[in-house]
Amino acid sequence: MEQNKLRVPNSDKLKNVQSLCDQSDPYSGFKKSDDDFIKAMKEISAWHIEKSDFYRDLSQSQKFNPEDIKTLDDCLKIPHLWAHFFKGNEILSVPPSEVFLHLTSSGTTGQKSQIFFDEWTIRSAQRMVDWIFEKYGWVTETQKCNYILFSYQTEASSKLGTAHTDNFLCKYAPINEVFTALKLTGSGGHEFDCFGTIDAFKRFADQGLPVRLFGFPAFFYFALERMKKLGLPPLKFHKDSMVFLGGGWKGHADKQIEKNDLYELAEEMLGIPNDRLRDGFGSVEHCIPYVECSHHEFHVPVWSRVFIRDVETLKPLGLNQKGFLHFVSPYITSMPAHSVIMGDMASLHEKCKCGMETPYFKIHGRAGVSKNKSCALAASELLKGKAS
């Protein structure tokens, strides 16, 4: 598909950010792109120091200078923020008039992250998804599809990031019909329409068009499990159907099953082959798309780098070790979220069986929050001192 040529907000100061984010092959030349990545991270760090008073103060407090970024490991020196820091703080590196899109996280309880995008940032992230879908052959512009979205039915004014993403993904094949599984209630909440979902399974199987299923894995599992418990016969979806999950299990972690077990259940009940069952990892705080390969590993694309941090010391860990998941990418100009530590436990690996040269990470669940809350508080103190 055709992507419009995007331009960074300042082509003189961000020329390496532009160059890196213009790389259209998500995974080729990963190691060769290290120099480009380092230059881009130096530029974006200087950008946020210049544009955000908060980030300038944070950098000064840590004696950080973008000129110190000379190697990939030097990216660990960049002052980071915790993903949940954005739940209580709105930090911009662009004027409010340049905010193109405002999205929130999809947490089921408590405060939601408030993330603001200028046009470059959100278009750049969307273009990355375009290139990954092209890479895997999931763009079918002439084949109509039915869609089942395991995400929130929303009003036009909704800012929910997951709903925005799932609706965005419907552009890669023409829409015949869309069924949304989490229905709006009169009270403004949502309820999972399990039986409506099963009816959609049956109706779409009978129609014979490819079916694309996007969204939260928990509700996909609940529908498949209910089918089986009711003794309903397995269905056979069109061979070009696909599942692309994302968003995690949220408030249903107690019911979470192994990913391979979910995929086996999907193959059994809907006839979707294993290599058409994929998961994606991402968040509104860090919109780089991490998509499973045919061996179900989350590969790191050329536009980002992943580090693993020790949960006690935050020191970087080596391959195959578990710690906090740390994302670094220069794509975002609207907020200083170019170095973000998530609340997820993960490990980094190399040499995937799929043959791609990029490293990949495994998710090992959510970490305890006491440690990273204290780190986020340190950043928050800078804001309080600024306001007093």
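Scroll up for the structure.
Sequence positions are assigned chain by chain, starting from 1 and proceeding in written order. In keeping with the predicted nature of the model, local features appear solely for residues at pLDDT of at least 70, side-chain atom pairs appear and are counted solely at 80 or more, and the whole-chain, interface and lining totals rest on all residues. Excluding hydrogens and water, the side-chain figures rest on all heavy atoms present in the structure.

Visitor: Help me get a handle on the sheet that holds strand E9 (residues 277–283), residues and values and all.
Guide: Two strands pair under a simple rule: DSSP has to find at least two bridges between them. Each helix is a run of H or I in the DSSP string that is no shorter than four residues. Each strand is a run of E no shorter than two, and both are numbered from the N terminus. The seven strands are arranged E6-E5-E4-E7-E8-E9-E10 in an open sheet whose pairing can be described as mixed. Both outer strands of the open sheet, strand E6 (190–192) and strand E10 (286–291), are each paired with one neighbouring strand and no more. Here the average twist between neighbouring strands, direction ignored, is 25°. Relative to strand E8 (residues 242–245), strand E7 (residues 211–215) is paired through four bridges, and the arrangement is parallel. From the neighbouring strand, Gly 215 faces E8, where its bridge partner is Leu 245. By definition, residues are in contact when any of their heavy atoms lie within 4.5 Å. Only C-alpha atoms enter the line fits that serve as axes; for helices the fit covers just the stretch in contact. Angles between N-to-C directions range over 0 to 180 degrees. Across the face of the sheet, helix H4 (residues 119–135) comes into contact with E7, E8 and E10 while running at roughly 5° to E10. Sitting on the sheet, helix H8 (residues 259–270) touches E7, E8 and E9, and the angle it makes with E9 is about 135°.

Visitor: How would you sum up helix H7 (residues 217–229)? Please name residues and give values.
Guide: Here the expected length of a helix is defined as 1.5 Å per residue gap, with one fewer gap than residues. Helix length check: H7, at 13 residues, gives a terminal C-alpha distance of 18 Å against a target of 18 Å (1.5 Å per residue), a fit within 8%. With a 1.4 Å probe rolled over the protein chains alone, any residue whose accessible area is under 20% of its type maximum counts as buried; one over 50% counts as exposed, and the rest are partly exposed. Taken residue by residue, H7 has Pro 217, Ala 218, Phe 219, Phe 220, Tyr 221, Phe 222, Ala 223, Leu 224 and Met 227 as its buried positions. Downstream of H7 by one or two residues, Gly 231 has phi in the positive range, about 75°.

Visitor: Please set out the pattern of salt bridges residue by residue, giving values where relevant.
Guide: Note on pairing: side chains with opposite charge can pair once their charged atoms come close. Each reported salt bridge corresponds to a side-chain nitrogen of Lys or Arg within 4 Å of a carboxyl oxygen of Asp or Glu. The final tally for this structure, using the stated rule, is 19 salt bridges. In this structure, the salt-bridge partner of Glu 292 is Lys 259, at a minimum N-O distance of 2.6 Å. Within this pair, whereas Glu 292 is found in the loop between E10 and strand E11 (298–299), its partner Lys 259 is found in helix H8, the two being separated by 33 residues in sequence. Residue classification places Lys 259 among the partly exposed positions, given a relative accessible area of 27%. Through salt bridges with shared partners, one network takes in Lys 5, Asp 22 and Arg 127.

Visitor: Could you give an account of the nonpolar core, with specific residues and numbers?
Guide: Within the largest apolar cluster, 82 residues are counted, with the highest numbers of intra-cluster contacts made by Tyr 290, Val 306, Leu 325 and Phe 361. Ranked by the residues each element gives to this core, the list is headed by H4, at eight residues. Among residues more than four places away in sequence, those in contact with Leu 325 are Phe 281, Val 306, Phe 307, Ile 308, Val 340, Ile 341, Met 342, Asp 344, Ala 346, Phe 361 and Ile 363. In this structure, Leu 182, Phe 220, Leu 235 and Phe 237 belong to the second largest nonpolar core, which totals 36 residues. Side-chain atoms within 4.5 Å link the members of a nonpolar core, which is a set of buried Ala, Val, Leu, Ile, Met, Phe, Trp, Tyr and Cys residues.

Visitor: Describe the layout of surface pockets, and please don't skip the residues or the numbers.
Guide: Estimates place the volume of the second largest pocket at around 320 Å³. Within this scheme a cavity is a closed region of a 1 Å grid, computed over the protein atoms alone, that accommodates a 1.4 Å probe without allowing it to escape, whereas a pocket is open but has protein on both sides within 12 Å along at least five of seven lines; lining residues each have an atom within 4 Å of a point. Along the walls of the second largest pocket sit 16 residues, with Leu 72, Val 306, Leu 348, Glu 350 and Pro 359 positioned nearest its centre. The classification used treats Ala, Val, Leu, Ile, Met, Phe, Trp, Tyr, Cys and Pro as nonpolar, Asp, Glu, Lys and Arg as charged, and all other residues, Gly among them, as polar. Tallied by class, the residues present in the lining of the second largest pocket amount to eleven nonpolar, no polar and five charged. Grid points are joined across faces, edges and corners, and a volume is the space filled by probe spheres set on the points.

Visitor: Could you give me a rundown of unusual backbone geometry, with the residues and numbers involved?
Guide: At Asn 320, a residue that is not glycine, the phi angle is positive and equals roughly 70°. Following the sequence through the fold, Asn 320 ends up in the loop between strand E12 (305–309) and strand E13 (323–328). If you check the backbone angles, Lys 351 has positive phi at about 60° while not being a glycine. In this structure, Lys 351 sits in the loop between strand E14 (339–349) and strand E15 (360–366).

Visitor: Residues and numbers for the packing of aromatic side chains, please.
Guide: Stacked, edge-to-face and tilted are the three classes for Phe, Tyr and Trp ring pairs, Trp counted by its six-membered ring, which pair at centre distances within 6.5 Å; planes under 30 degrees apart are stacked, over 60 edge-to-face, the rest tilted. All chains considered together, the criterion is met by 29 aromatic pairs. Arranged with centres 5.6 Å apart and planes meeting at 75°, the rings of Tyr 152 and Phe 216 form a pair that is edge-to-face. On the criterion of sequence distance, the pair formed by Tyr 152 in strand E4 (residues 145–152) and Phe 216 in the loop between E7 and H7 is long-range, its members being 64 residues apart. Owing to a relative accessible area of 13%, Tyr 152 belongs among the buried residues under this scheme. Classification of Phe 216 as buried rests on a relative accessible area of 3%. Where Phe 281 meets Phe 327, the ring centres are 6.0 Å apart and the plane angle is 55°; that geometry is what we call tilted. Of this pair, Phe 281 sits in strand E9 while Phe 327 sits in strand E13, and the two are 46 residues apart along the sequence. Both residues of the pair, Phe 281 and Phe 327, count as buried. Aromatic rings pair up to connect Tyr 27, Phe 133, Tyr 136, Trp 138, Tyr 147, Phe 168, Tyr 172, Phe 214 and Phe 244 into one cluster. Geometrically, a lysine NZ or arginine CZ counts as sitting over a ring once it is within 6 Å of the ring centre and also within 35 degrees of the ring normal. Positioned above the aromatic ring of Tyr 136 is the side chain of Arg 278, whose terminal nitrogen or guanidinium carbon lies 4.8 Å from the ring centre. In this structure, Arg 305 packs its charged tip against the face of Phe 37, placed 4.5 Å from the ring centre.

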